[in-house]
Amino acid sequence: MKLKIVIKVIIFAIIAGFSLQACGKNKLSITVAGSTAFQPFAEKLAGLYMAEKPNTHITIQGGGSAVGIQSVLSGAANIGMADLVQLPPEAKDLNSYIVARDGIVMIVNPKNSVKNLEVSQIRDIYNGKIKNWKELGGNDHKINVVSREAGSGTRSSYEAIIQNITLVKEAIIQDSNGTVRETVANDANAIGYISHGIINDKIKALTINGVSCTTEEIVNKKYMLVRPIFLLTKGAPQDRVKAFIDYVLSKNGQDIIKANGLIPAI
Amino acid sequence: MKIFGENSIKNLLIVIAFSALTALFLILAFILLEGLPFIFNIGIKNFLLSSDWQPMAGKYGIFAMIVGSLWVTLGAIIVGVPLGLAGAIFLAEFLPRWMMRIIKPAIELLAGIPSVVYGFIGVMVLAPLIRDYIGGPGLSIMAASIILGIMILPTILSISIDSIKAVPQSYREGAFSLGATHWQTIHMATLPAAKSGIIAGIILGLGRAIGETMAVIMVAGNAVILPGSPLDSVRTLTANIALEMGYATGMHRQALFATGVVLLLIIMVLNYAATISIRNMNRKV
């Protein structure tokens, strides 16, 4: 008697499991994972794309650029997102598409009187050679350097563009664009760098070599702290994956990227 | 019609009980398997005694973080223990019973506040205060110690209160009858009798302080340096794992597991020391 019931329950569970799986298979699913900087844009694009093609289901996951590359390599995701200036060696066999560009902005507290920095000055600040705002024409205060954790896409892009940075050991490390912004907003002597998309009026964006970070200057290639955002696939993208990447690269998709604060790829 | 007999329930419970144990061993085995080869690969000395942490350049020294963890925990003890002990004595010995009934649940509620909230208060209120009035970057050992000290307060308080309350009334009566004042009774009769419970409370608090991650990431500043003063910012072992986990691949990932091994060892040593000290204490009393 007991055994019968147990067997019935097991059979029921198996049938339920299969039918659930079958439901999932009716839809074409795409998994996209990686860069947290591009994640909100990918979500927006995926939402609009799914509204157009209801039989496609797109899942967007964050995790960071390294996770994006890893999950495409392992097959856990169909598309990886990465926001690095140079893709790491393990990503060289992947197909990459630049879908957008993102400026990185040097920020200070609004109380700080410094308005512009040369690239060499930025390098010296982050290497610990310039330690006082006085040396840059500001007040006589120690510079509190704020950076990101090792492995962050923003940090590696930033260091790759500025070049020759061995981060000063006293640097405060924050783990997201948002917390860097809050730290600088709270500290009159801090300097940090964040994605162009999340600037607000609690912090002041600096010009670099006299050029400010605007869409125009980035398109004209005058502003130098710019990183590409890649979509990565393993092998040439096939039908549904290709359709989604084409959609992101289409004029429609690029307009959405532009309207939400990033710089379009083309 | 009985679906489950006495025996099958018993077996089921045994399986459940062992599954918890299995989980513990799996975690242990996984961390050790991922972390230990890395430690031997890079050399124990290079790993434990160097404070050069540049994963991108292949330098994995965690000495600064071990020191950071110990400093922050010590700071939390300095802030939390006197407050907790004094509070427990006052609440258990001087406060009328009806007031206890209001205050004790309130203290337990304090333990339920999520650590992000503590961290947020630390970043928004405490760090700017330290920066403006004492100096340094604000996000520092001092900020982390104060926040952690408050976070471990409920643990120390509630366990200490329970153990002070558990001291038999006859001890106090005996002391009073010998002519001791209220305070003399407390520190010469009640506290020594409640000592093991109080120490257990402090050690549980210690465990929470050294394992706390979120609040510490937010207020400690996370710089990889050997701190020279309480106003410097530090990175703890837990913060190191949590900060870089999302990105780490290959060697870097193994290095974080190895950091976990060190953390695990520190906590095991602490727990063992605690057990032994409590056992010795009980023998003396």
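Residues numbered from 1 in each chain as written. Chains lettered and ligands numbered in written order. Predicted model: local features only at pLDDT ≥ 70, side-chain atom pairs only at ≥ 80, totals over all residues. Heavy atoms only, no water.

J.: How would you summarise the interface of chain B and chain A if you had to cite specific residues and measurements?
T.: Counting from both sides, the interface comprises 29 residues of chain B and, opposite them, 28 residues of chain A. In total, chain B and chain A occlude about 2200 Å² of area from one another, counting both sides; carbon and sulfur atoms represent 61% of this. In this assembly, chain B and chain A are joined by 2 salt bridges. In this structure, arginine 131 of chain B and aspartate 187 of chain A form a salt bridge, with 3.6 Å as the shortest nitrogen-oxygen distance. Across the contact surface, chain B and chain A share 3 residue pairs in polar contact (both at pLDDT 80 or more). (Contact = heavy atoms within 4.5 Å. Buried area = accessible area lost by both parts, 1.4 Å probe. Salt bridge = Lys/Arg side-chain N within 4 Å of Asp/Glu carboxyl O. Polar contact = N/O pair within 3.5 Å; in protein donor to acceptor, adjacent residues only side chain to side chain.)

J.: So what's going on with the pattern of salt bridges? Residues and values would help.
T.: Per the counting criterion, the structure on display carries 16 salt bridges over all chains. Among the charged side chains, a salt-bridge network with shared partners connects Asp83, Asp102 and Arg227 of chain A.

J.: Any details on helix H1 (residues 6–42) of chain B? Residues and values, ideally.
T.: All names here are of chain B. With 37 residues, H1 extends 55 Å between its outermost C-alpha atoms, agreeing within 8% with the 54 Å of an ideal straight helix rising 1.5 Å per residue. The largest bend along H1 measures about 25° and falls at glycine 35, with the proline proline 37 one to four residues further on. Residues Ile31, Glu34, Gly35, Phe38, Ile39 and Ile42 constitute the buried set of H1. Following H1 by one or two positions, glycine 43 adopts a phi angle in the positive range, close to 100°. (Helix = DSSP H or I, 4+ residues; strand = E, 2+ residues; numbered from the N terminus. Expected span 1.5 Å × (residues − 1). Bend = angle between axes of the 7 residues up to and from the residue. Buried < 20%, exposed > 50% of the residue type's maximum accessible area, 1.4 Å probe, protein only.)

J.: Report on the domain arrangement of chain B, specifying residues and quantitative values.
T.: Residue and element names in this part refer to chain B. The domain boundaries assigned to chain B delineate domain 1 (2–43) and domain 2 (53–284). Distance between the C-alpha centres of domain 1 and domain 2: 29 Å. With 10 residues of domain 1 in contact, the opposing surface of domain 2 contributes 10 residues. The contact between domain 1 and domain 2 buries some 960 Å² in all, and 83% of this surface belongs to carbon and sulfur atoms. The largest contributions to the domain 1 side of the interface with domain 2 come from Ile31, Glu34 and Phe38, which together make up 54% of the buried area. Our count for the domain 1 to domain 2 interface comes out at 1 salt bridge. Taken together, domain 1 and domain 2 are joined by 0 residue pairs in polar contact (both at pLDDT 80 or more). (Domains from an automatic or database assignment.)

J.: Now, about unusual backbone geometry: what can you tell me, with residues and values included?
T.: Both trends apply: most residues other than glycine have a negative phi, and most peptide bonds are in trans. All names here are of chain A. Not every positive phi belongs to a glycine, and asparagine 209 is a case in point at roughly 50°. Relative to the helices and strands, asparagine 209 is located in the loop between strand E10 (207–208) and helix H7 (215–219). The backbone of lysine 221 shows a phi angle near 65°, a positive value even though the residue is not glycine. Relative to the helices and strands, lysine 221 resides in the loop between H7 and strand E11 (226–233).

J.: Would you mind going over the packing of helix H4 (residues 97–111) of chain B against helix H6 (residues 141–165) of chain B in detail, with residue names and values included?
T.: Residue and element names in this part refer to chain B. Between H4 and H6, whose axes approach to 8 Å, the crossing angle comes to 145°. Of the two elements, H4 crosses H6, and the hand of that crossing is left-handed. Across the interface between the two elements, Arg97, Met100, Lys104, Ile107, Glu108, Leu110 and Ala111 of H4 pack against Pro154, Leu157, Ser158, Ile161, Asp162 and Lys165 of H6. Counted by class, the contact of H4 with H6 contains 7 nonpolar, 1 polar and 5 charged residues. (Axes fitted to C-alpha atoms, helices over the stretch in contact; angles between N-to-C directions. Left-handed = near helix turned anticlockwise from the far one by under 90°. Nonpolar A, V, L, I, M, F, W, Y, C, P; charged D, E, K, R; others polar.)

J.: I'd like a rundown of helix H3 (residues 65–74) of chain A, residues and numbers included.
T.: Burial in H3 of chain A covers these residues: Ser65, Ala66, Gly68, Ile69, Ser71 and Val72 of chain A. Buried residues along H3 of chain A sit in contact with strand E1 (28–34), strand E3 (79–82), helix H5 (153–162) and E11 of chain A.

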